[in-house]
Amino acid sequence: MSKKKTGLFLVTLVIVASLTIISMIIENNVTFFSIVQLAILLIMFFSYFTWARSGEDERPVPEDELGKKITTESGLVSYKILIVLIFGFICLDYFLHGSTNLLLIVLFAIGLTLLPIIEFLKARSYR
């Protein structure tokens, strides 16, 4: 990508993120949409700078072997971090409210069993 496109991307990203954050502060109203919008902007930022290529560099491509390895390893690490975070929120919820949120516990249980189930199904597909 050219420096012009990267600069335009960064400026646009900063403007949209700033407007969202300012809107959240001024209106004192944090909504589902505003949180998801900020998350999508972060996804775009990191994806752009992970996979964007210019003519002179040798960055990995998602389709090549290194790109697939990066995607696989980062997916596994993020899965484990997510499980720890969900468990942390269950503990935090218990200490703040004196009870636990049943939906968080169900989500934690699903998260714990999801990876082994997917691995099992994936291994069966190679037989």
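Note that this is a predicted model, so its numbers are computed, not measured.

(A) How the structure looks around the side chain of serine 34. Summarising the element assignment, serine 34 is placed in helix H2 (residues 32-51). In contact with serine 34, not counting residues within four places along its chain, are Thr20 and Met24.

(B) View of helix H3 (residues 65-97). The end-to-end C-alpha separation of H3 is 47 Å, in line with the 48 Å expected for 33 residues at 1.5 Å each. Every buried residue of H3 is listed here: Gly67, Ile83, Ile86, Ile90 and Asp93. Elements in contact with the buried residues of H3: H2 and helix H4 (102-125). Glycine 98 sits one or two residues past H3 and shows a positive phi near 80 degrees.

(C) Highlighting the nonpolar core. Phe9, Leu13, Ala17, Leu41, Tyr48 and Ala52 together form the largest nonpolar core, which totals six residues. Every element with two or more residues in this core is listed here: helix H1 (3-27) and H2.

(D) A look at the packing of H1 against H2. One way to put it is that H1 packs onto H2 with a least axis distance of 10 Å and a crossing angle of 160 degrees. Classified by the interaxial angle, the pair formed by H1 and H2 is roughly antiparallel. In the crossing of H1 with H2, the sense of the turn from one axis to the other is left-handed. Here H1 contributes Lys5, Thr6, Phe9, Leu10, Leu13, Val16, Ala17, Thr20, Ile21 and Met24 to the contact with H2, which in turn contributes Ser34, Gln37, Leu38, Leu41, Met44, Phe45, Tyr48 and Phe49.

(E) Molecular detail of the pattern of salt bridges. Counted according to the given criterion, the structure contains one salt bridge. Two residues, glutamate 73 and lysine 69, come together in a salt bridge whose shortest N-O distance is 4.0 Å. Of this pair, glutamate 73 and lysine 69 both sit in helix H3, four residues apart, which is roughly one turn of the helix. Lysine 69 sits in the partly exposed class, given a relative accessible area of 48%.

(F) Spatial organisation of the packing of aromatic side chains. In this structure the tally under the stated criterion is four aromatic pairs. For the ring pair phenylalanine 9 and tyrosine 48, a centre distance of 4.3 Å and an interplane angle of 25 degrees mean the geometry is stacked. In this pair, phenylalanine 9 is assigned in helix H1 and tyrosine 48 in helix H2, connecting sequence segments 39 residues apart. Neither residue differs from the other here; phenylalanine 9 and tyrosine 48 are each classed as buried. For the ring pair tyrosine 94 and phenylalanine 95, a centre distance of 5.8 Å and an interplane angle of 70 degrees mean the geometry is edge-to-face.

Reading the values: rules and limits
- Residues numbered from 1 in each chain as written.
- Predicted model: local features only at pLDDT ≥ 70, side-chain atom pairs only at ≥ 80, totals over all residues.
- Heavy atoms only, no water.
- Helix = DSSP H or I, 4+ residues; strand = E, 2+ residues; numbered from the N terminus.
- Contact = heavy atoms within 4.5 Å.
- Expected span 1.5 Å × (residues − 1).
- Buried < 20%, exposed > 50% of the residue type's maximum accessible area, 1.4 Å probe, protein only.
- Core = buried A, V, L, I, M, F, W, Y, C linked by side-chain atoms within 4.5 Å.
- Axes fitted to C-alpha atoms, helices over the stretch in contact; angles between N-to-C directions.
- Parallel < 35°, antiparallel > 145°, perpendicular 65-115°, else oblique.
- Left-handed = near helix turned anticlockwise from the far one by under 90°.
- Salt bridge = Lys/Arg side-chain N within 4 Å of Asp/Glu carboxyl O.
- Phe/Tyr/Trp six-rings, centres within 6.5 Å; stacked < 30°, edge-to-face > 60°.

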